[in-house]
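# Remarks on the overall topology
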Amino acid sequence: MTEAGLIAALALLAGVLALDATVAFQLMLSQPVVSGALAGLVIGDPGAGLAIGAALQLVWLGVLPVGAAPFPDTAVATVVGVGVAAILTEAGSGVGWAIGIAILVALLTGALGQWLIARVRRLNMRLADMAIERAKQGSGRGIGLAVAFALGARFAAGAILAVVVLSLASAVVSRVAPVGGPTYCPVLVWAAPLGAAWIVARARGRAVWAYLSLGVLAGIVVTSL
Amino acid sequence: MHTPKESGHQEEEGRLSTASRLAVFARSFLLQSVWNPRGMQNVGFCFALMPVAPPESERAERAAFLERHLKFFNTNPTLASYVLGATAAAERAGRGAAEADDLKRALAGPLGMAGDGLFWGALRPFAALVGVLGVLAFPLYAAAAMLAIYNVPHVVLRWRGIVRGAELGGAAARDMLGPGFRELVSLLRAAAAVIGGLIVGWAIAGAGGGAEWRAVVVGVYFTLGVAAARLSVPPTVIGIAGAIGGLVLMATGVAGG
């Protein structure tokens, strides 16, 4: 697949997965592990997709798309991250740098996506007003139209964000990318404690420390076997 | 008042046919499609109820139906199906104008708290951590396991909400908040903590370079992460700092390989 084709395929995937976060279905397809696995299949490297997805999942474990609370665009960010890793690997970067830089770009993309989601939700306010105006005349068509436009806007926002960041990465990041380097990226070393920190921070009782410690000991024992 | 016969549905008043239930159920997945800061889920709620709306020939009744269901509405998106089921049954029985607002008020709050606690606060982190553990232990099935753990209860409860909401009306929240609900949430949270610990243990003792430093690095990140979370620093900001730190660790050879 050419790089333009890869960017187009990833943008399409990003747009579809972006819908899942709140707008449609909410089947967890927009969660980083799932989005990463799917994007990994697109670039032909499921392992990289899962590694990036796992790190982002741990960072964003506490992200709750509830009510008016702002939330990062996790699906688009993950797909973009996996695409950036593919671009960097193609440019000659070792796996360590490719995945490490890709995660950083993904997190920044998530923040940009958060800003875009707020804009789309403001557009939804106009769509809702339009639906209410039409409803006063007994027409339900405004509701169907509002739903269709809102889905289209959210898809477009996700896909366009993916195209812009991936095109920038293709033009800039790959030229300044480090060549070679580590063949292993220690994402778990920093992402796992951040995930565990969220579990402890939002827990009410002290029992969480016992459960967490039990898990840590079991993890060390099992991994050392 | 529109009757079931006039609106084209073969169902008794007050009882939802399987076709109506399925139509409302399918549309409930778009409840948040037009989420907006003013009415929140209002347009999606009305969209989901359209299968039980009066026909277009009854313009005044249809306008009144649309007006009462385009008012502000917000609750947990999965358990909103209970409100949809109860409201759809009231509309079918011709009691929509009298009861819809009270039903929504009675159900949205308790179901919102229950659903957010169960789905967002317990089941989603648990499924997500199983997914991350899966990436380490059984990568081929990680995403599938995560999707199955979350979506089996999610889709079952969405459907059950339509059915039980129609049967129980304003008392539908009891179906969710019965005995064992709190224990289930606590169990899922405890399991999530154990799995989170397993992943941290894996990070300390797993493969890769810098084994002698890893426990220290994990401890430092954990301490900073708890402090940042308690200070309500957004997770993305904490993550960016973590990712930059990860690159520094790799560049200095402390971790990576």
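### Some points on the overall build of chain B
If you tally the helices and strands in chain B, you get ten helices and zero strands. Helices and strands in chain B line up, N terminus first, as α-α-α-α-α-α-α-α-α-α. Taking 257 residues into account, the globule formula puts the C-alpha radius of gyration at 18 Å, and chain B, at 24 Å, lies well above it. Projecting the C-alpha coordinates of chain B onto the three principal axes gives extents of approximately 75 × 35 × 30 Å. Out of the 257 residues belonging to chain B, those deemed buried represent 54%. Put simply, of all contacts in chain B between residues at least 6 apart along the chain, 71% involve residues at least 24 apart.

### Re the overall build of chain A
In terms of regular secondary structure, chain A is built from eight helices and zero strands. Taken over the C-alpha atoms alone, chain A extends approximately 70 × 50 × 25 Å along its principal axes. Counting every position in chain A, which comprises 225 residues, the buried fraction comes to 58%. In chain A, the proportion of contacts linking residues at least 24 apart, taken out of those at least 6 apart, comes to 74%.

### A closer look at the nonpolar core
In this structure, Ala14 and Ala102 of chain A together with Met146 of chain B are the most contacted members of the largest nonpolar core, which totals 169 residues. Residue contributions to this core reach at least three from each of two domains, namely domain 1 (18-188) and domain 2 (207-252) of chain B. Not counting chain neighbours up to four residues away, the residues in contact with Ala102 of chain A comprise Ile52, Gly81, Val82, Val84, Ala85 and Leu88 of chain A.

### What about unusual backbone geometry?
Phi is positive for Met28 of chain A, which is not a glycine, with a value near 80 degrees. Looking at the secondary structure, you find Met28 of chain A in the loop between α1 (3-21) and α2 (32-43). C-beta crowding within 10 Å serves as the criterion here: with 24 such atoms nearby, Met28 of chain A is assigned to the buried category. Unlike most non-glycine residues, Ser232 of chain B shows phi in positive territory, near 60 degrees. Its location among the elements puts Ser232 of chain B in the loop between α9 (211-230) and α10 (235-252). Judged by the 7 C-beta atoms lying within 10 Å of it, Ser232 of chain B falls in the exposed class.

### Notes on helix α4 (residues 80-92) of chain B
All names here are of chain B. Along its 13 residues, α4 runs 18 Å from first to last C-alpha, staying within 8% of the 18 Å computed at 1.5 Å per residue. Within α4, 13 of the 13 residues are buried, leaving the element largely enclosed by the surrounding structure. Two residues or fewer past α4, Gly94 is found with a positive phi of approximately 80 degrees.

### Some words on the domain arrangement of chain B
Looking at chain B, the domain boundaries give domain 1 (18-188) and domain 2 (207-252). For domain 1 of chain B and domain 2 of chain B, the distance between their C-alpha centroids amounts to 38 Å.

### Structural notes on the packing of helix α5 (residues 96-137) of chain B against helix α6 (residues 142-168) of chain B
Residue and element names in this part refer to chain B. The geometry of α5 relative to α6 is characterised by a closest axis approach of 7 Å and an angle of 160 degrees between their N-to-C directions. Between α5 and α6, the crossing angle belongs to the class labelled roughly antiparallel. As α5 packs across α6, the resulting crossing turns out to be right-handed. For the pair α5 and α6, the contacting residues are Phe119, Leu123, Arg124, Ala127, Ala128, Val130, Gly131, Gly134 and Val135 in the first and Ala142, Ala143, Ala145, Met146, Ile149, Tyr150, Pro153 and His154 in the second. Grouping the amino acids of the contact of α5 with α6 by side-chain chemistry returns 13 nonpolar, three polar and one charged.

### Digging into the environment of Pro235 of chain B
Position of Pro235 of chain B relative to the elements: it lies in helix α10. By the C-beta count within 10 Å, which is 25 here, Pro235 of chain B ends up buried. For the pair Pro235 of chain B and Gly225 of chain B, spaced ten residues apart in sequence, the C-alpha separation works out to 9.1 Å. Beyond its immediate chain neighbours, meaning those up to four positions away, Pro235 of chain B contacts Val59, Trp60, Gly62 and Val63 of chain A.

### Notes on the interface of chain B and chain A
Across the boundary between the two partners, chain B contributes 83 residues, which contact 83 residues of chain A. Of the residues belonging to the side of chain B that touches chain A, the class tally is 54 nonpolar, 22 polar and seven charged.

### A short note on the confidence of the model for chain B
Residue and element names in this part refer to chain B. Looking at chain B, pLDDT values average 92 and 93% of them are 70 or higher. For chain B, per-element mean pLDDT is lowest for helix α7 (residues 173-176), which scores 91, and highest for helix α2 (residues 42-49), which scores 98. For this predicted complex, the interface score ipTM comes out at 0.96, while the overall pTM is 0.94.

The rules we used
- Residues numbered from 1 in each chain as written.
- Chains lettered and ligands numbered in written order.
- Predicted model: local features only at pLDDT ≥ 70, side-chain atom pairs only at ≥ 80, totals over all residues.
- Helix = DSSP H or I, 4+ residues; strand = E, 2+ residues; numbered from the N terminus.
- Rg over C-alpha atoms; globule rule 2.2 N^0.38 Å.
- Buried ≥ 20, exposed ≤ 12 C-beta atoms within 10 Å, placed from the backbone.
- Contact = placed C-beta atoms within 7 Å.
- Core = buried A, V, L, I, M, F, W, Y, C linked by C-beta atoms within 7 Å.
- Domains from an automatic or database assignment.
- Expected span 1.5 Å × (residues − 1).
- Axes fitted to C-alpha atoms, helices over the stretch in contact; angles between N-to-C directions.
- Parallel < 35°, antiparallel > 145°, perpendicular 65-115°, else oblique.
- Left-handed = near helix turned anticlockwise from the far one by under 90°.
- Nonpolar A, V, L, I, M, F, W, Y, C, P; charged D, E, K, R; others polar.
- pLDDT = per-residue confidence, 0-100.

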